[in-house]
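So the chains spell out like this:
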Amino acid sequence: DVKRVKDYLYWLYYQYLLATCSYVLEPWEQSIFHTVTVTVVAMVVYTAYVFVPIHVRLALEFFSQIFGAQPKSTV
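Here the structure is a predicted model, which means the values were calculated and not measured.

### Describing helix α2 (residues 27–66)
Here comes step 1: In a regular helix each residue adds 1.5 Å, so 40 residues correspond to 58 Å; α2 covers 56 Å between its end C-alpha atoms and thus fits that length.
Here comes step 2: Its maximal kink placed at F51, α2 deviates by approximately 35°, while the proline P53 follows within four residues.
Here comes step 3: Directly after α2, the chain includes G68, whose backbone phi takes a positive value near 95°.

In structure tokens:
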């Protein structure tokens, strides 16, 4: 089981190298490229985690007002 998981993860990493063509880079270039890629992905995930729920809530409030739902009381 562990060997299969390890092989699958290696296969995913190899697919990533092929898709980004980073297998042709020098080792120090690969390091910089992977660091930038991980940083960008982390920033996108964090931004989605923080801002998507706010926008979904605002969209639901907007559409509920359009389709006739009563607004919440502010009292």
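From this point, the narrative continues.
### Considering the UniProt feature "transmembrane region" (unreviewed entry) in the protein
Here comes step 1: UniProt marks residues 7–25 and 31–52 with the feature "transmembrane region" (unreviewed entry), using the numbering shown here.
Here comes step 2: Between the end C-alpha atoms of residues 7–25 the distance is 23 Å, and the span holds 74% helix and 0% strand.
Here comes step 3: Here residues 31–52 runs as 100% helix and 0% strand, with 31 Å between its end C-alpha atoms.

### Describing the packing of aromatic side chains
Here comes step 1: Here the structure, examined in full by the defined rule, presents four aromatic pairs.
Here comes step 2: Each ring, one from Y13 and one from Y16, has its centre 6.2 Å from the other, and the planes form 35°; the classification is tilted. Here Y13 pairs with Y16, and both are found in helix α1 (residues 2–20), just three residues apart, close to one helical turn.
Here comes step 3: Taking the relative accessible area as the measure of exposure, Y16 reaches 25% and is therefore partly exposed.
Here comes step 4: Taking the centre distance of 6.4 Å and the plane angle of 20° together, the rings of F63 and F67 count as stacked.

Calculation notes
Residues numbered from 1 in each chain as written. Predicted model: local features only at pLDDT ≥ 70, side-chain atom pairs only at ≥ 80, totals over all residues. Heavy atoms only, no water. Helix = DSSP H or I, 4+ residues; strand = E, 2+ residues; numbered from the N terminus. Expected span 1.5 Å × (residues − 1). Bend = angle between axes of the 7 residues up to and from the residue. UniProt positions renumbered as here; feature names shortened; annotations may be inferred. Phe/Tyr/Trp six-rings, centres within 6.5 Å; stacked < 30°, edge-to-face > 60°. Buried < 20%, exposed > 50% of the residue type's maximum accessible area, 1.4 Å probe, protein only.

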